[in-house]
Amino acid sequence: MGKSKTKQAGQNTSARAGKGAAAGQSVSGNNEQGTGGAGSPQNGSHGAGGSQNKMAVMPMNTLLLSMSVPLMLSLLVQSLYNIVDSIFVSRYSEQALTATSLVYAVQFLMIAVGVGTNVGLNSLLSRYVGAKKDEDACRAATTGLILNIASALIFSLVGIFFSKPIASLMTSDPELRKLCIQYMQVCVIFCYGTFIQTYGQRLLQAVGDTVLSMVSLISGAIINIILDPIMIFGLLGCPEMGIRGAAIATVIGQCTGAVVALVLNKTKNPVIHVHFKGYHFNMDDVKAIYRVGMPTIVMQAIGSVMTFAVNAVLMSVSTTAVAFFGVYYKLQNFLMMPMNGLGQATIPIVGFNFGSGNKDRIKQAWKCVVPAGIVMALIGTVIFLAFPKQLLGLFAASEEMLAIGVPALRIISVTFVFATMTIIFGYFGSGLGNGVINMIGGAIRQLVVLVPLVWVFTNFLGISYTWYAMWISEVLAFIYSFISIRKETKKKAGF
């Protein structure tokens, strides 16, 4: 959470965590395009050389495993190097760790725009590929690149002109504010790698290649992990740069991942390529991208508001409480990465088969993804219940942080199954062209219910009761999402 890596969270992402994701409307405006049955010529798009796309023919369990495991691994690595970053920063000083936690609210907003834009693009591309409209897919990919560069430019200007005022809103402590500015300026001004890396990964995912998508992410993660201790502590002849060094290492890692993602798309993507020669900007593609991407942007932006608001409430308790919340968010993102990987793999599978009219495949996906998500969530719950002290110990937790954090992690862990189902239902609805389920579910989980309850519980009952607010918000979000996705699957997939 102290880092602005590409995540999906989360929806994650992630996520990166994180990192949430969504899918768009049918490209023709007709939700039943390509209505051929499972064995009809209409059903199942072709990849390179006219071969059938695996999303149309591979057994669903095998397909979901082959597409989700690389995503899970890549997201886990992404989340892991966020955690590694924070481990190094925490050993530099707890105040530096607090600064990264405060700045994450800004980074979360940047991640929201990048992930939302590219999730919408991923959905549109998978539908074009499923409908055998390869030229349209290439045009949309070029449009998506333009949108990502424009978004990065806007955030870069914000970092140049508004880092100091934003830091002043976060804290009145002069030293803490200085650390926030140092970290924020580097991560936000030089954010182009974040957007382009996410863009390149989504192009690969749109044609079902999650392995190469993983390679691009891991390459950036490895570079970041290597550079972090060198730049933070001044090793191997590098000057000691503290929190600024952590930010520089992050940016270099993101740019490395972006270059690798673009090269892999150029050389390995069988269908989708960027072409500026003869390109014409198509506003319909932009509308389709943001029809799906905007709910994801809003949902993750809600996460940014939530982080800012909760930090403000906890700041009235202590800076250690803020530091703990940042640590918890990193740990929670790491836990949620497998679930996000599972859900992200569902988007192109559901979108492809929805575009080609294969409702049986959509039902098979549902029967696979829901039980798998529950099992993963239960594993995470057991880990948080059993080892909270050990988890916090990774971040050089003080006695005060342990006193706040150990019971908090155990209380929060009870919500993991509900949170996972809300996320997966949102992904599934996105694949069917409904990003609103994801958006509203996220709003209930992270803002509408959670933030007011955090304020009430903290101010009237004390920090020990703050975390029970998550019980209420997660259960209400689950109820809404379950009712909504069942209506959607009945209407569009017949079950």
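Because the structure is predicted, anything quoted here is derived from the model rather than measured. (Residues numbered from 1 in each chain as written. Predicted model: local features only at pLDDT ≥ 70, side-chain atom pairs only at ≥ 80, totals over all residues. Heavy atoms only, no water.)

This part takes up the overall build of the protein. For the protein, the helix and strand inventory stands at 18 helices and zero strands. Taken across its 495 residues, the protein has 63% of its residues classed as buried. Summing over all exposed atoms, the protein offers an accessible surface of approximately 17,200 Å²; the carbon and sulfur share of this is 69%. (Helix = DSSP H or I, 4+ residues; strand = E, 2+ residues; numbered from the N terminus. Buried < 20%, exposed > 50% of the residue type's maximum accessible area, 1.4 Å probe, protein only. Areas by Shrake-Rupley, 256 points an atom, 1.4 Å probe, with all protein chains shown as cover.)

Here the distance between the centres and the angle between the planes together describe a pair of aromatic rings. The full count for this structure, using the stated rule, is 22 aromatic pairs. Their ring planes at 35 degrees and their centres at 6.0 Å tell us that Phe155 and Phe195 sit as a pair that is tilted. Taken together, the residues Phe155 in helix H4 (residues 134-170) and Phe195 in helix H6 (residues 192-206) connect sequence positions 40 residues apart. Note on Phe155: relative accessible area 12%, which makes it buried. When its relative accessible area of 1% is taken as the criterion, Phe195 is described as buried. One aromatic cluster is present, built from ring pairs that chain together Trp366, Phe418, Phe425, Phe428, Phe478, Phe482 and Phe495. (Phe/Tyr/Trp six-rings, centres within 6.5 Å; stacked < 30°, edge-to-face > 60°.)

In total, this model carries four salt bridges according to the counting rule given. The closest approach of N and O atoms between Arg139 and Asp285, which form a salt bridge, is 2.7 Å. One end of the pair, Arg139, is in helix H4; the other, Asp285, is in helix H9 (residues 283-315), and 146 residues separate them in sequence. Residue Arg139 shares its accessibility class with Asp285, and that shared class is buried. Between Glu488 and Lys492 there is a salt bridge whose closest N-O contact spans 2.7 Å. One end of the pair, Glu488, and the other, Lys492, are both in helix H18 (residues 469-492), four residues apart, so they sit about a helical turn from each other. Taking relative accessible area as the criterion, Lys492 reaches 6% and is therefore assigned buried. (Salt bridge = Lys/Arg side-chain N within 4 Å of Asp/Glu carboxyl O.)

Our focus in this paragraph is the packing of helix H10 (residues 319-355) against helix H11 (residues 359-386). At a minimum axis separation of 10 Å, H10 and H11 run at an interaxial angle of 180 degrees. Judged by the inter-axis angle, H10 sits roughly antiparallel to H11. Note on element contacts: H11 touches H10 through Arg361, Ile362, Ala365, Val369, Ala372, Gly373, Met376, Ala377, Gly380 and Phe384, opposite Leu331, Gln332, Leu335, Pro338, Met339, Leu342, Thr346, Ile349, Val350, Asn353 and Phe354. For the contact of H10 with H11, a count of residues per class yields 15 nonpolar, five polar and one charged. (Axes fitted to C-alpha atoms, helices over the stretch in contact; angles between N-to-C directions. Parallel < 35°, antiparallel > 145°, perpendicular 65-115°, else oblique. Contact = heavy atoms within 4.5 Å. Nonpolar A, V, L, I, M, F, W, Y, C, P; charged D, E, K, R; others polar.)

Closest axis-to-axis distance for the H11/helix H14 (residues 416-431) pair is 8 Å, and the angle between their directions is 155 degrees. The orientation of H11 with respect to H14, classified from their angle, is roughly antiparallel. Crossing handedness for the pair H11 and H14: right-handed. Here H11 contributes Ile362, Ala365, Trp366, Val369, Val370, Gly373, Ile374, Ala377, Leu378, Gly380, Thr381 and Phe384 to the contact with H14, which in turn contributes Phe416, Val417, Thr420, Met421, Ile424, Phe425 and Phe428. (Left-handed = near helix turned anticlockwise from the far one by under 90°.)

Positive phi values are uncommon outside glycine, yet Lys132 reaches one of about 65 degrees. Looking at the secondary structure, you find Lys132 in the loop between helix H3 (94-130) and H4. Lys132 sits in the partly exposed class, given a relative accessible area of 39%. At Leu236, a residue that is not glycine, the phi angle is positive and equals roughly 55 degrees. Among the structural elements, Leu236 can be located in the loop between helix H7 (210-233) and helix H8 (242-268). Assessed through its relative accessible area of 79%, Leu236 is described here as exposed.

An ideal rise of 1.5 Å per residue puts 21 Å on 15 residues; H6 measures up with 21 Å between its terminal C-alpha atoms. Across the 15 residues that make up H6, a large majority, 14, are buried. Remark: Gly208 follows H6 within two positions and exhibits a positive phi of approximately 85 degrees. (Expected span 1.5 Å × (residues − 1).)

It is worth spelling out the environment of Pro388 at this point. Assignment of secondary structure puts Pro388 in helix H12 (residues 388-393). Under the relative-accessibility criterion, Pro388 is labelled buried at 1%. Put simply, Pro388 and Arg410 are 22 residues apart on the chain and 7.1 Å apart in space, counted from C-alpha to C-alpha. Aside from chain neighbours lying at most four places away, what touches Pro388 is Val406, Leu409 and Arg410.

Okay, the environment of Ile230 next. Checked against the element boundaries, Ile230 lands in helix H7. The class of Ile230 is buried, set by a relative accessible area of 15%. Sequence separation between Ile230 and Gly245 is 15 residues, and the spatial gap between their C-alpha atoms is 8.2 Å. Excluding residues within four positions of it along the chain, Ile230 makes contact with Leu235, Leu236 and Cys238.

Turning our attention to the layout of surface pockets. As a volume, the largest pocket reaches approximately 240 Å³. In terms of lining, the largest pocket is formed by 14 residues, of which the most central are Leu331, Phe334, Leu335, Ile383 and Phe384. The set of elements that each furnish at least two residues to the lining of the largest pocket consists of helix H2 (60-92), H10 and H11. A total of five residues in the lining of the largest pocket trace back to one element, the largest contributor, which is H11. Split by residue class, the lining of the largest pocket holds 13 nonpolar, one polar and no charged. (1 Å grid on protein atoms, 1.4 Å probe; cavity = no way out; pocket = protein on both sides within 12 Å on 5 of 7 lines; lining within 4 Å. Points joined across faces, edges and corners; volume = space filled by probe spheres on them.)

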